[in-house]
Amino acid sequence: SGYLKVRIGEAVGLQPTRWSLRHSLFRKGYQLLDPYVTVSVDQVRVGQTSTKQKTNKPTYNEEFSATVTDGHQIELSVFHDTPIGYDDFVANCTLHFQDLLRSAAPSDTFEGW
């Protein structure tokens, strides 16, 4: 339990999704995404970045804060904002709070991840 503060800096190495390739106006195999990142704690969304247009290397520099009670994990998910239907899943990462606390010194802030 405690206070969670997450700063989303950037995403790198994002790959086009099948949907974005299917609807590409550019040469096949190269498509820029319209990505955004969601932040969830134990499957409850606590934040979402803005959508960056036509990029596979978005820079966000956005911050989210939440009070966490008995939290187990944080998940960062990247989606491609589609004009029609559901947004397209691109990538995700799950971090378990226990693993972070076990490997940290009392003064660690986990900056730069």
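Residues numbered from 1 in each chain as written. Predicted model: local features only at pLDDT ≥ 70, side-chain atom pairs only at ≥ 80, totals over all residues. Heavy atoms only, no water.

Participant: What exactly am I supposed to notice about the environment of Tyr60 here?
Facilitator: Mapped onto the elements of the fold, Tyr60 is located in strand 4 (residues 59-68). Remark: the alpha-carbon pair of Tyr60 and Val37, spanning 23 residues in sequence, is separated by 9.0 Å. Look past the residues within four positions of Tyr60 in its chain and what remains in contact with it is Ile8, Gly9, Glu10, Pro35, Tyr36, Val37, Thr49, Ser50 and Lys52. (Helix = DSSP H or I, 4+ residues; strand = E, 2+ residues; numbered from the N terminus. Contact = heavy atoms within 4.5 Å.)

Participant: Would you mind going over the pattern of salt bridges with me for this structure?
Facilitator: Where charged atoms from two side chains of opposite charge approach closely, those side chains can pair. Per the stated rule, a full pass over the model turns up two salt bridges. A salt bridge links Lys5 to Glu63; the nearest nitrogen and oxygen atoms lie 3.6 Å apart. Taken together, the residues Lys5 in strand 1 (residues 2-10) and Glu63 in strand 4 connect sequence positions 58 residues apart. When its relative accessible area of 42% is taken as the criterion, Glu63 is described as partly exposed. The network of salt bridges with common partners includes Lys5, Arg7 and Glu63. (Salt bridge = Lys/Arg side-chain N within 4 Å of Asp/Glu carboxyl O. Buried < 20%, exposed > 50% of the residue type's maximum accessible area, 1.4 Å probe, protein only.)

Participant: Help me understand the packing of aromatic side chains in this model?
Facilitator: The geometry of an aromatic ring pair is captured by two quantities: the separation of the ring centres and the angle between the planes. Tallied over the full model, the rule gives two aromatic pairs. Between Phe79 and Phe89 the ring centres are 6.0 Å apart and the planes differ by 75°, which places this aromatic pair in the edge-to-face class. Of this pair, Phe79 sits in strand 5 (residues 73-80) while Phe89 sits in strand 6 (residues 88-96), placing them ten residues apart in sequence. An aromatic cluster is built from Tyr36, Phe79 and Phe89, whose rings are joined through pairwise contacts. (Phe/Tyr/Trp six-rings, centres within 6.5 Å; stacked < 30°, edge-to-face > 60°.)

It is worth stressing that arrangement in space is one thing and function is another; only the former is reported here.
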